[in-house]
Amino acid sequence: MSKSVWISMIKKDEAAAQAVYKMVSGYGLGVSGHFWKDDPENMQWAGAVSEIAAKTNGLWLIAGDAGDFTPSVLRDLSLLALSVQAQKAAQLPVMILTDDPEGLGEKLTTPLAGAQVFSPDNPALGAKITAKANLPLKPLAAQYRLNVHAMPKIGLWIEAGPAEDTWSGVIVGAGGNGAAIDAMGIGPAGQIPEKSVLEYPVRDMTLALGDREFSAWAAQNHVSETESVYVRIKGQPGALLFGPFAPNADELDVYTLTLE
């Protein structure tokens with residue numbers, strides 16, 4: 001099966017897009033892509049999830065000047081990366097082309113931390129793209145499951161749960177930019193429940209981790225590997241917190257991800 005590459009051009013530059021397209025297609029790879037639209041309110045990034053997660057797609061190539069990767073762009077790229085990863089149940093290779101590889105590499109978020117960052121004039125770029133696009137995908141090896149459900153006009157939902165065993169109680173938090181949770185539910189993995197009963201819910205907690213503050217909700221429901229906790233987030237979260245919750249514990253053993 002011939003592999004393809006999906007290209008996200010952060011800046012709308014037709015000449016630059018043609019140059020990248022020509023280089024990639026010259027190595028016998030299929031090429032598709034889009035010009036990025038920085039529109040967090042309408043979650044424009046969500047329209048590319050199915051294309052990037054397609055079975056034939058072997059690499060996500062992101063191109064833009066280092067200055068194009070604003071906190072807003074990094075946040076939505078991160079949400080897109082989480083959505084694709086959940087759909088493929090594997091780590092899709094990500095490669096970034098930019099004029100300042102070292103500088104951009106230092107500010108990549110948790111979902112993009114595994115991306116390889118290169119200058120567009122790297123002489124070995126074509127070979128690296130070809131090799132990455134044709135590598136077998138590695139299954140996820142995380143201790144948790146995480147997915148993002150973007151529903152324009154309804155909201156941004158985060159789904160989390162254990163990869164194995166059970167969480168005895170759950171907590172989810174959003175940090176940065178005034179982001180907060182306004183709905184929570186527990187249900188089967190992969191589907192936001194229409195109704196849910198929360199056991200001893202605690203809403204609107206404020207938690208401080210390092211120099212970041214999170215607004216969090218928690219409940220004492222047990223969540224197995226076939227179930228998930230779902231929260232709707234209002235605002236634009238710069239970080240996420242999630243994991244098991246024990247109300248009487250001295251400290252929380254949770255996972256955190258940066259998004260910007």
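Summary of the structure given here. Everything numeric here is computed off the predicted structure, so don't read it as measured data.

## Quick look at a negative patch on the surface
Okay, so step 1: A cluster of like negative charges, contributed by Asp-99, Asp-100, Glu-102 and Glu-106, occupies part of the molecular surface.
Okay, so step 2: Mapping Asp-100 onto the fold places it in the loop between strand 5 (94-97) and helix 4 (101-105).
Okay, so step 3: Residue Asp-100 is classed as partly exposed on the basis of its relative accessible area, which comes to 35%.

## A look at the side chain of Ser-83
Okay, so step 1: Here Ser-83 is to be found in helix 3 (residues 71-88).
Okay, so step 2: Classification of Ser-83 by relative accessible area gives buried; the value is 3%.
Okay, so step 3: Among all residues touching Ser-83, those that are not within four sequence positions of it are Trp-45, Val-49, Asn-147 and Val-148.

## With respect to the packing of aromatic side chains
Okay, so step 1: Per the stated rule, a full pass over the model turns up 4 aromatic pairs.
Okay, so step 2: Between Phe-242 and Tyr-255 the ring centres are 5.6 Å apart and the planes differ by 35°, which places this aromatic pair in the tilted class. One end of the pair, Phe-242, is in strand 15 (residues 239-244); the other, Tyr-255, is in strand 16 (residues 255-258), with 13 residues separating them in the sequence.
Okay, so step 3: Overall, the relative accessible area of 21% leaves Tyr-255 in the partly exposed class.
Okay, so step 4: Feature note: the residues Tyr-144, Trp-167, Phe-242 and Tyr-255 constitute an aromatic cluster, connected by ring pairs.

## Regarding the environment of Asp-38
Okay, so step 1: Position of Asp-38 relative to the elements: it lies in the loop between strand 2 (30-35) and helix 2 (49-52).
Okay, so step 2: Relative accessible area serves as the criterion here: at 40%, Asp-38 is assigned to the partly exposed category.
Okay, so step 3: Sequence spacing of Asp-38 and Trp-60 is 22 residues, and the spatial spacing of their C-alpha atoms is 18 Å.
Okay, so step 4: In this structure Asp-38 touches Thr-70, Ser-72 and Val-73, once residues within four positions along its chain are discounted.
Okay, so step 5: Within the local environment of Asp-38, its side chain forms a polar contact with the side chain of Ser-72, the two groups lying 2.7 Å apart.

## Regarding the sheet that holds strand 15
Backbone-to-backbone hydrogen bonds pair the strands of a sheet. The strands run either parallel or antiparallel.
Okay, so step 1: Taking strand neighbours across the sheet as the criterion, the 5 strands line up as 12-13-10-15-16 in an open arrangement whose pairing is antiparallel. The open sheet terminates on both sides in strands that have one partner only, identified here as strand 12 (202-209) and strand 16. Recorded for the sheet is a direction-independent mean angle of 25° between the axes of neighbouring strands.
Okay, so step 2: In the sheet, strand 15 pairs with strand 16 via 4 bridges, with the strands oriented antiparallel. Bridge pairing in strand 16 places Leu-241 opposite Thr-256.

## A short note on the environment of Ala-150
Okay, so step 1: Tracing the sequence through the fold places Ala-150 in strand 8 (residues 144-151).
Okay, so step 2: Spatially, the C-alpha atoms of Ala-150 and Phe-214 are 21 Å apart, while their sequence positions differ by 64 residues.
Okay, so step 3: Ignoring anything within four residues of it in the chain, the contact list for Ala-150 reads Met-43, Trp-45, Ala-46, Gly-155 and Leu-156.

## Regarding the nonpolar core
Okay, so step 1: Trp-45, Trp-60, Phe-69, Leu-77, Leu-80 and Ile-96 are the most contacted members of the largest nonpolar core, which totals 52 residues.
Okay, so step 2: If one sorts the elements of this core by residue count, helix 3 sits on top with 8 residues.
Okay, so step 3: Aside from chain neighbours lying at most four places away, what touches Ile-96 is Ile-62, Phe-69, Leu-104, Leu-108, Ala-115, Gln-116, Val-117 and Phe-118.
Okay, so step 4: Ranked by size, the runner-up nonpolar core spans 17 residues in total, among them Met-9, Val-31, Leu-59 and Ile-129.

## Examining unusual backbone geometry
Okay, so step 1: Residue Tyr-200 is not a glycine yet carries a positive backbone phi of 50°.
Okay, so step 2: Tracing the chain through its elements places Tyr-200 in the loop between strand 11 (180-188) and strand 12.
Okay, so step 3: For Tyr-200, a relative accessible area of 62% corresponds to the exposed category.
Okay, so step 4: One non-glycine residue, Asp-204, adopts positive backbone phi at about 55°.
Okay, so step 5: Its place among the elements puts Asp-204 in strand 12.

Calculation criteria
Residues numbered from 1 in each chain as written. Predicted model: local features only at pLDDT ≥ 70, side-chain atom pairs only at ≥ 80, totals over all residues. Heavy atoms only, no water. Patch = residues over 30% accessible without salt bridge, like charges linked within 9 Å, V, L, I, M, F, W, Y side chains within 5 Å. Areas by Shrake-Rupley, 256 points an atom, 1.4 Å probe, with all protein chains shown as cover. Salt bridge = Lys/Arg side-chain N within 4 Å of Asp/Glu carboxyl O. Lys, Arg positive; Asp, Glu negative; His and termini not counted. Charge placed at Lys NZ, Arg CZ, Asp CG, Glu CD. Helix = DSSP H or I, 4+ residues; strand = E, 2+ residues; numbered from the N terminus. Buried < 20%, exposed > 50% of the residue type's maximum accessible area, 1.4 Å probe, protein only. Contact = heavy atoms within 4.5 Å. Phe/Tyr/Trp six-rings, centres within 6.5 Å; stacked < 30°, edge-to-face > 60°. Polar contact = N/O pair within 3.5 Å; in protein donor to acceptor, adjacent residues only side chain to side chain. Pairing = 2+ DSSP bridges. Axes fitted to C-alpha atoms, helices over the stretch in contact; angles between N-to-C directions. Core = buried A, V, L, I, M, F, W, Y, C linked by side-chain atoms within 4.5 Å.

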